[in-house]
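# Structural description and commentary
The chain contents come next:
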Amino acid sequence: MGQSAQSVIPSCFDALDFARDDGIKSIMPKLIISSTAHELSEDCVTIGLAPDNAIVLEEPSVSNRHAELRLTGETYILKDLGSTNGTRVNGIPVAETALRVNDRIRFGAVEAHYESDPSGSQPLPTPEEIVATPAESSARPVDFGNASPFPRRQKQKDLFRKALFAAAVVALLTFFGSMIAVLIMHTPAL
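Definitions and cut-offs
Residues numbered from 1 in each chain as written. Predicted model: local features only at pLDDT ≥ 70, side-chain atom pairs only at ≥ 80, totals over all residues. Heavy atoms only, no water. Helix = DSSP H or I, 4+ residues; strand = E, 2+ residues; numbered from the N terminus. Buried < 20%, exposed > 50% of the residue type's maximum accessible area, 1.4 Å probe, protein only. Areas by Shrake-Rupley, 256 points an atom, 1.4 Å probe, with all protein chains shown as cover. Pairing = 2+ DSSP bridges. Axes fitted to C-alpha atoms, helices over the stretch in contact; angles between N-to-C directions. Salt bridge = Lys/Arg side-chain N within 4 Å of Asp/Glu carboxyl O. Core = buried A, V, L, I, M, F, W, Y, C linked by side-chain atoms within 4.5 Å. Contact = heavy atoms within 4.5 Å.

## Points about the overall build of the protein
- Counting its regular elements, the protein contains one helix and 13 strands.
- Helices and strands appear in the protein in the N-to-C order β-β-β-β-β-β-β-β-β-β-β-β-β-α.
- Within the protein, the proportion of its 190 residues that are buried is 26%.
- With an accessible surface of roughly 14,700 Å², the protein has 58% of that area assigned to carbon and sulfur atoms.

## Some remarks on the sheet that holds strand E12 (residues 104-107)
- Strand order in the open sheet made by the six strands is E4-E3-E13-E12-E9-E10, with antiparallel pairing throughout. Because the sheet does not close on itself, it has two edges, and the strands there are strand E4 (36-39) and strand E10 (92-94). The average undirected angle you get between the axes of adjacent strands in this sheet is 30°.
- Pairing between strand E9 (residues 87-89) and E12: three bridges, direction antiparallel. Residue pairing across strands places Val89 opposite Ile105, the latter belonging to E12.

## With respect to the pattern of salt bridges
- All chains considered together, the criterion is met by four salt bridges.
- Among the ionic pairs, Lys30 bridges to Glu115, the shortest N-O distance being 3.5 Å. Here Lys30 is found in strand E3 (residues 30-33), whereas its partner Glu115 is found in strand E13 (residues 110-115), with 85 residues between them in sequence.
- Lys30 sits in the buried class, given a relative accessible area of 3%.
- When its relative accessible area of 24% is taken as the criterion, Glu115 is described as partly exposed.
- Between Glu68 and Arg70 there is a salt bridge; the shortest N-O distance is 3.4 Å.
- Residue class for Arg70 comes out partly exposed when judged on its relative accessible area of 41%.

## Describing the sheet that holds strand E5 (residues 44-48)
- Pairing is mixed in the open sheet, where five strands are placed in the order E6-E5-E7-E8-E11. The sheet terminates laterally at strand E6 (55-56) and strand E11 (96-98), the two strands that pair on one side only.
- Pairing geometry for E5 and E6, over two bridges, is parallel. Bridge pairing in E6 links Ile47 to Ile55.

## Quick word on the pairing of E5
- Taking burial as the measure, the five residues of E5 include five buried ones, the bulk of the element.
- Of the two faces of E5, both are covered, the one formed by Cys44, Thr46 and Gly48 as well as the one formed by Val45 and Ile47.
- Inspection of the sheet shows E5 paired to strand E7 (residues 67-72) by four bridges, in the antiparallel sense. Looking across to E7, one finds that Thr46 is bridged to Glu68.

## Concerning the nonpolar core
- Within the largest apolar cluster, 21 residues are counted, with the highest numbers of intra-cluster contacts made by Leu31, Leu69, Ile105 and Phe107.
- At the level of secondary structure, the elements contributing two or more residues to this core comprise E3, E5, E7, strand E8 (75-80), E12 and E13.
- Element by element, the count of residues in this core is highest for E13, at three residues.
- Residue contacts for Phe107: discarding those within four places in its chain leaves Leu31, Ile47, Leu57, Ser61, Val62, His66, Ala67, Leu78, Gly86, Thr87 and Ala112.

## Description of the environment of Ala112
- Of note, Ala112 is situated in strand E13.
- Exposure remark for Ala112: the relative accessible area of 3% places this residue in the buried category.
- For Ala112 and Ala37, which are 75 residues apart along the polypeptide, the C-alpha to C-alpha distance reads 9.5 Å.
- Beyond its immediate chain neighbours, meaning those up to four positions away, Ala112 contacts Leu31, Ile32, Ile33, Asp103, Arg104, Ile105 and Phe107.

Here you go:
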């Protein structure tokens with residue numbers, strides 16, 4: 001790699017403006033690590049412990065080639081490069097994910113914060129409220145069929161089941177009655 005893609009912004013500045021090819025001024029996306037902002041001006045930014053990375057993190061929990069940021073359209077895609085201690089975005093381990101405004105990133109034990117170009121990915125706008133009106137009438141279509149995988153319960157009377165249930169109830173009542181009779185009995189005196 002040629003030049004480093006990092007530049008240090010003192011913590012008192014929110015961002016540095018840069019002129020794009022179309023002459024419009026905007027804020028460049030950046031990765032903030034330990035209060036040091038690394039402007040993401042390259043299409044591919046490598047992050048790791050090795051000195052040839054665009055962003056070098058001198059921390060033993062960071063792998064030599066830990067992760068990379070690749071610009072796709074207006075969004076940076078973060079990809080873990082098989083690091084030992086992994087990469088997390090907002091506390092969730094990731095292999096590859098698109099970064100969004102204010103994402104918290106962790107490379108091993110190193111915390112980082114992603115701030116995006118405001119013309120790129122932004123929070124979604126608030127949804128419009130939809131007012132639902134109830135239908136005038138509701139009726140089942142004539143050709144509607146039951147889509148349930150379970151068979152319908154039969155409405156016909158099953159006399160055998162009723163007789164079996166009645167016999168079981170009589171047997172239980174007889175059993176409980178005999179148990180009560182045994183408990184009430186007194187032992188004869190000797």
